[in-house]
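# Fold and contact review
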Amino acid sequence: MAKDDLFVAIKNSVVRIRKTDGSEMWRATLPRRASQLVTLAVEPDALYASAGGELYRIDPDSGTIIWTSELPKLGRGTVLIAATPDESPS
């Protein structure tokens, strides 16, 4: 995953933007359309997004949705995601 890119979550979409020039690298539209709020967590090799009570793992290089979890029995509320800290040596 390029360190000079930014991930933006808005209106059921996740967009990868190049920081150096603002160009769009890819755009992933999340299937759950009931929510405008999208939250993100970024890890070195993974990107997680949530919308409308569902959780998605997205390939950060291509924008492909790898899997979806409907988070059964939890409703359709806002999901906040916490990524694990990078513990690799510097």
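Before any of the text, the structure's been laid out above.
Just so it is clear, the structure is predicted and the values come from calculations on it, not from any experiment. (Residues numbered from 1 in each chain as written. Predicted model: local features only at pLDDT ≥ 70, side-chain atom pairs only at ≥ 80, totals over all residues. Heavy atoms only, no water.)

For sheets, the rule is that strands pair by backbone hydrogen bonds, running either parallel or antiparallel. If you walk across this open sheet you meet the four strands as E4-E5-E6-E7, and the pairing is antiparallel. This sheet does not close on itself; its edge strands, each paired only once, are strand E4 (38-43) and strand E7 (65-69). Strand-to-strand twist across the sheet, computed as the mean angle between neighbouring axes with direction ignored, equals 20 degrees. As paired elements, strand E6 (residues 54-58) and E7 share four bridges and run antiparallel to each other. Along E7, the bridge assignment pairs Tyr56 with Thr68. (Pairing = 2+ DSSP bridges. Helix = DSSP H or I, 4+ residues; strand = E, 2+ residues; numbered from the N terminus. Axes fitted to C-alpha atoms, helices over the stretch in contact; angles between N-to-C directions.)

Right, let's talk about unusual backbone geometry for a bit. One non-glycine residue, Lys11, lies in positive phi territory at about 45 degrees. Relative to the assigned elements, Lys11 resides in the loop between strand E1 (5-10) and strand E2 (13-18). With phi around 60 degrees, Asn12 is a residue other than glycine that occupies positive phi space. Note that Asn12 resides in the loop between E1 and E2. Overall, the relative accessible area of 8% leaves Asn12 in the buried class. (Buried < 20%, exposed > 50% of the residue type's maximum accessible area, 1.4 Å probe, protein only.)

Bringing the sheet that holds strand E3 (residues 24-29) into the picture now. What the three strands build is an open sheet, ordered E1-E2-E3; its pairing is antiparallel. For this open sheet the edge positions go to E1 and E3, each flanked by a neighbour on one side alone. With direction set aside, neighbouring strand axes in the sheet form an average angle of 15 degrees. Judged from the six bridges that link them, E1 and E2 form a sheet pairing that is antiparallel. Directly across from Val8, in E2, lies its bridge partner Val15.

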